[in-house]
Amino acid sequence: MKTLKIIFFTCICLAFVFACKNENKDATSTSTVTQTDNTSGERSGQAFIEDDGSTPNILQIAIGSKDHTTLVAAVQAAQLENALVNAGPLMVFAPTNEAFAALPDGTVDNLLKPENKDALANILKYHVTPGNYSKDFLKKFKKLGQANNSYVKVEVVDGEPMIGGAKIIASVPAGNGIIHVIDKVLLPPTEE
């Protein structure tokens, strides 16, 4: 009886091995994916995959917006592109070029310097929160947890949600969340 169990177990193991071997053979023979050597110094990740068939993600929408060129430059300088294309859902509060221009002179140029990458990333992450909430639904919150581990205050002023004092001037759905266009750059609270 013990010998019969060993033979049965061996047969099952062999069947499994051969099935896996054939499955791998089929998978490799039909695969059309090719790997390229990434020695050119180009950045990689999901943000750099071209896909014309899907609903545009948050990064793709921002790149295509003439009103968000400063935001896109900041995201690129902080190397946060891949964060904006993850599956989400993500909610991004996207300041316009005018919002960045309203900062004190030299602020944006200073933040875009390589040595200020961490500070810039912290500010940009303060504009991102998990979820996919409409402008009206945001009225139900008092604060939102942001990607930089801080909270931003939500107030309702004249029936409109204000996020950290910024007004939402438009909302754009994306494949991985939603973009709320805002009229002010959100600055994270400073640690004391």
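Everything numeric in this text was worked out from a predicted model, so none of it was measured. (Residues numbered from 1 in each chain as written. Predicted model: local features only at pLDDT ≥ 70, side-chain atom pairs only at ≥ 80, totals over all residues. Heavy atoms only, no water.)

Bringing helix α6 (residues 117–125) into the picture now. Counting along an α-helix, one turn takes 3.6 residues, and residues three or four places apart therefore face a common direction. Among the residues of α6, L120, A121, I123 and L124 are the ones counted as buried. Buried residues in α6, looked at end-on, bunch into an arc of 160°, giving them a common side. Packed against the buried residues of α6 are α3 (69–77), α5 (107–111) and β2 (128–130). (Buried < 20%, exposed > 50% of the residue type's maximum accessible area, 1.4 Å probe, protein only. Helix = DSSP H or I, 4+ residues; strand = E, 2+ residues; numbered from the N terminus. Arc of directions from axis to C-beta. Contact = heavy atoms within 4.5 Å.)

Let us look at the confidence of the model for the chain. Model confidence for the chain is summarised by a mean pLDDT of 80, while 71% of its residues fall at 70 or above. Long-range and interchain partners of residues 2–40, a stretch whose pLDDT sits below 50, account for 1 contact in this model, where long-range means more than four residues apart. (pLDDT = per-residue confidence, 0-100.)

Sheet topology note: the strand β3 (residues 143–145)/strand β4 (residues 151–157) ladder contains 3 bridges and is antiparallel. Its bridge partner being in β4, G145 is matched across the sheet by Y151. Between the end of β3 and the start of β4, which pair antiparallel, lie 5 residues, with N149 showing a positive phi angle near 70°. In terms of strand pairing, β4 meets strand β5 (residues 160–163) through 4 bridges, oriented antiparallel. Looking across to β5, one finds that V156 is bridged to P161. Hairpin connection from β4 to β5: 2 residues lie between these consecutive antiparallel strands, with D158 at a positive phi of about 50°. (Pairing = 2+ DSSP bridges.)

Per the stated rule, a full pass over the model turns up 4 salt bridges. Between K135 and E160 there is a salt bridge whose closest N-O contact spans 2.7 Å. Taken as a pair, K135 in the loop between β2 and β3 and E160 in strand β5 lie far apart in primary sequence, 25 residues in all. Residue classification places K135 among the partly exposed residues on the basis of a relative accessible area of 25%. Residue E160 is classed as partly exposed on the basis of its relative accessible area of 29%. A salt bridge links E155 to K153, with the shortest nitrogen-to-oxygen separation between them at 3.7 Å. (Salt bridge = Lys/Arg side-chain N within 4 Å of Asp/Glu carboxyl O.)

With that out of the way, let us pick up α3. Looking at α3, one finds that the buried residues are L71, V72, A74 and V75. Buried residues along α3 cover an arc of 160° about the axis, so they all sit on one side. The inward-facing, buried residues of α3 contact α2 (58–63), β1 (90–95), α4 (97–101) and α6.

Time to look at the nonpolar core. Residues I58, V75, L84 and L124 are the most contacted members of the largest nonpolar core, which totals 26 residues. Elements with a minimum of two residues in this core: α2, α3, β1, α4, α5, α6 and β7 (177–182). No other element matches α6, which puts 4 residues into this core. Residues contacting L124, with those up to four places away along its chain left out, are L71, A74, V75, A78 and L80. Ranked by size, the runner-up nonpolar core spans 13 residues in total, among them M91, V154, I163 and A166. (Core = buried A, V, L, I, M, F, W, Y, C linked by side-chain atoms within 4.5 Å.)

Here the focus is the pairing of β7. Counted residue by residue, β7 has 6 buried out of 6 residues, so it is predominantly covered. Here β1 runs beside β7; their pairing, made up of 6 bridges, is parallel. Bridge assignment links L90 to a residue of β7, and that residue is G177. Note that strand β6 (residues 166–174) and β7 share 6 bridges and pair antiparallel. Each bridged residue has a counterpart across the sheet, and for A174 the counterpart in β7 is G177. Between β6 and β7, which follow one another and run antiparallel, lie 2 residues.

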